Amino acid sequence: MPDWMADPMTWSVPAGRYFGIRVRVHFLFVLFVLSQLLSAYKGGRKDFYFALGTLTILFFSVLFHEFGHCFAARAIGGEAEEVLMWPLGGLAFVSVPNTPRAHFISTIWGPLVNVIICLVTGSVIVFQGYWPPLNPFDLFGCELFVVGLNHWLAWVAITFWLNWINVLFNAIPAFPMDGGRIFRCLLWNRMGFGRAT
């Protein structure tokens, strides 16, 4: 087996460098996107464009989340050089001082980016006279979708919902979610790093 195939985490393609951070996309993520688009294409043009728009919003929501980790790590004297996008989300490769405070700050700023996006998009939705889609299990149950998917406000709602899902998912206090890492930081001073983990 060639060296590059020995570690499945390295099976990725470069997607550019932004703010000094190398972004790579794992081949499984590429396969996931292609399979979703192919499946949607079978349903017709409308389904295809909906899937394409939703996957694009999801990609950038996750990428901004990972940039949140990276910028926070740099702000506290750490380093951040790479983000890997893969089917289960994103991975920010950061190095921070080995203290509860440093780990807490670098971890919490990922979900906080999604919270900020939710506040902005949610405010736009409320200003238009609707409620944002708060039910994580039923996006289209929201009264907002009487406007139809061709309306710009529907895409604002989808952006809100995808970021809201990201916040809720990452709040789960278990690894590998950010909630698990935040929970470890809260226990770290009392129990030590090993037992807190």
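Residues numbered from 1 in each chain as written. Predicted model: local features only at pLDDT ≥ 70, side-chain atom pairs only at ≥ 80, totals over all residues. Heavy atoms only, no water.

Draft legend 1. Quick peek at the overall build of the protein chain. The helix and strand inventory of the protein chain stands at six helices and four strands. Tracing the protein chain from N to C terminus, the helices and strands come up as α-β-β-α-α-β-β-α-α-α. Considering only C-alpha atoms, the protein chain reaches an extent of 50 × 45 × 30 Å along its principal axes. In the protein chain, buried positions account for 40% of the 197 residues. Taking all contacts inside the protein chain whose residues are at least 6 apart in sequence as the whole, residues at least 24 apart take part in 54%. Taken as a whole, the protein chain presents about 11,500 Å² of accessible surface, with 68% of it coming from carbon and sulfur. (Helix = DSSP H or I, 4+ residues; strand = E, 2+ residues; numbered from the N terminus. Buried < 20%, exposed > 50% of the residue type's maximum accessible area, 1.4 Å probe, protein only. Contact = heavy atoms within 4.5 Å. Areas by Shrake-Rupley, 256 points an atom, 1.4 Å probe, with all protein chains shown as cover.)

Draft legend 2. How the structure looks around the packing of helix α3 (residues 45–75) against helix α4 (residues 100–127). Running from N to C, α3 and α4 point in directions that differ by 140°, and their axes come no closer than 7 Å. By the criterion of interaxial angle, the relationship of α3 to α4 is oblique. Seen from above, α3 lies across α4 with right-handed handedness. Note on element contacts: α4 touches α3 through I105, S106, T107, W109, G110, P111, V113, N114 and I117, opposite S61, F64, H65, G68, H69, A72 and A73. Taken together, the residues of the contact of α3 with α4 sort by class into eight nonpolar, eight polar and no charged. (Axes fitted to C-alpha atoms, helices over the stretch in contact; angles between N-to-C directions. Parallel < 35°, antiparallel > 145°, perpendicular 65-115°, else oblique. Left-handed = near helix turned anticlockwise from the far one by under 90°. Nonpolar A, V, L, I, M, F, W, Y, C, P; charged D, E, K, R; others polar.)

Draft legend 3. Expanded view of a nonpolar patch on the surface. The grouping of V13, F27, L28, V30, L31 and L34 at the surface amounts to a nonpolar patch, some 480 Å² of accessible area in total. With five residues, helix α2 (residues 27–42) is the single largest residue contributor to the nonpolar patch. Mapped onto the elements, L34 comes out in helix α2. (Patch = residues over 30% accessible without salt bridge, like charges linked within 9 Å, V, L, I, M, F, W, Y side chains within 5 Å. Salt bridge = Lys/Arg side-chain N within 4 Å of Asp/Glu carboxyl O.)

Without other data, these values stay purely geometric and don't point to any function.
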